[in-house]
Amino acid sequence: MLGAGWSVTSSPTAPQAVALLIKIPWDRANQRLRLELKLLDPDGHQVTLPGMDGNQLAIGHAGEIEAGRPPGVAAGSMLDAVLAISIPPMPLPPGRYEWRLELAEHTVSESFTVRRK
């Protein structure tokens, strides 16, 4: 993982990656599951930063994942899906931020703080 093991950083942030190990229930195999990752600011709004073209770019990732049932895996087993999303340095103002992942009917989050210089 890139940038693992920290909860306080400076701005601009260092290059990092959001790494996911997702356990998919046996009965959800071979189904496309919607995945949405967002970076939220201290007020709970999605962070936007200027893109190369000058337009605001929402920080996050959206897509779908699907895990198949490998031959020989026992019925009822959890199926693994892994994903790493690279995040470039970001010029974030000081404050507490939250990575929020919504997957199917579940939401998980992890926070970090950008400190004042």
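That block above? That's the structure.
Each value, and the rule that gives it
Residues numbered from 1 in each chain as written. Predicted model: local features only at pLDDT ≥ 70, side-chain atom pairs only at ≥ 80, totals over all residues. Heavy atoms only, no water. Helix = DSSP H or I, 4+ residues; strand = E, 2+ residues; numbered from the N terminus. Buried < 20%, exposed > 50% of the residue type's maximum accessible area, 1.4 Å probe, protein only. Contact = heavy atoms within 4.5 Å. Phe/Tyr/Trp six-rings, centres within 6.5 Å; stacked < 30°, edge-to-face > 60°.

Novice: Summarise the overall build of the protein chain; cite the residues concerned and give the values.
Specialist: What the protein chain contains, in helices and strands, is zero helices and nine strands. Viewed in the frame of its principal axes, the protein chain has a C-alpha envelope of about 55 × 30 × 25 Å. Among the 117 residues that make up the protein chain, the fraction classed as buried is 29%. Once local pairs closer than 6 in sequence are excluded, the contacts in the protein chain between residues at least 24 apart make up 67%.

Novice: Help me get a handle on the packing of aromatic side chains, residues and values and all.
Specialist: The geometry of an aromatic ring pair is captured by the separation of the ring centres together with the interplanar angle, meaning the angle of the planes. Within the structure shown, the criterion is met by two aromatic pairs. Summarising the aromatic geometry, the rings of Trp 6 and Phe 112 are spaced 5.3 Å apart at their centres and angled 80 degrees between planes, so their arrangement reads as edge-to-face. Remark: Phe 112 occurs in strand 9 (residues 106–114) and Trp 6 occurs in the segment before strand 1 (8–9); sequence separation between them is 106 residues. Take Trp 6: its relative accessible area is 30%, and that puts it in the partly exposed class. These aromatic residues form a ring-pair network of at least three members: Trp 6, Tyr 97 and Phe 112.

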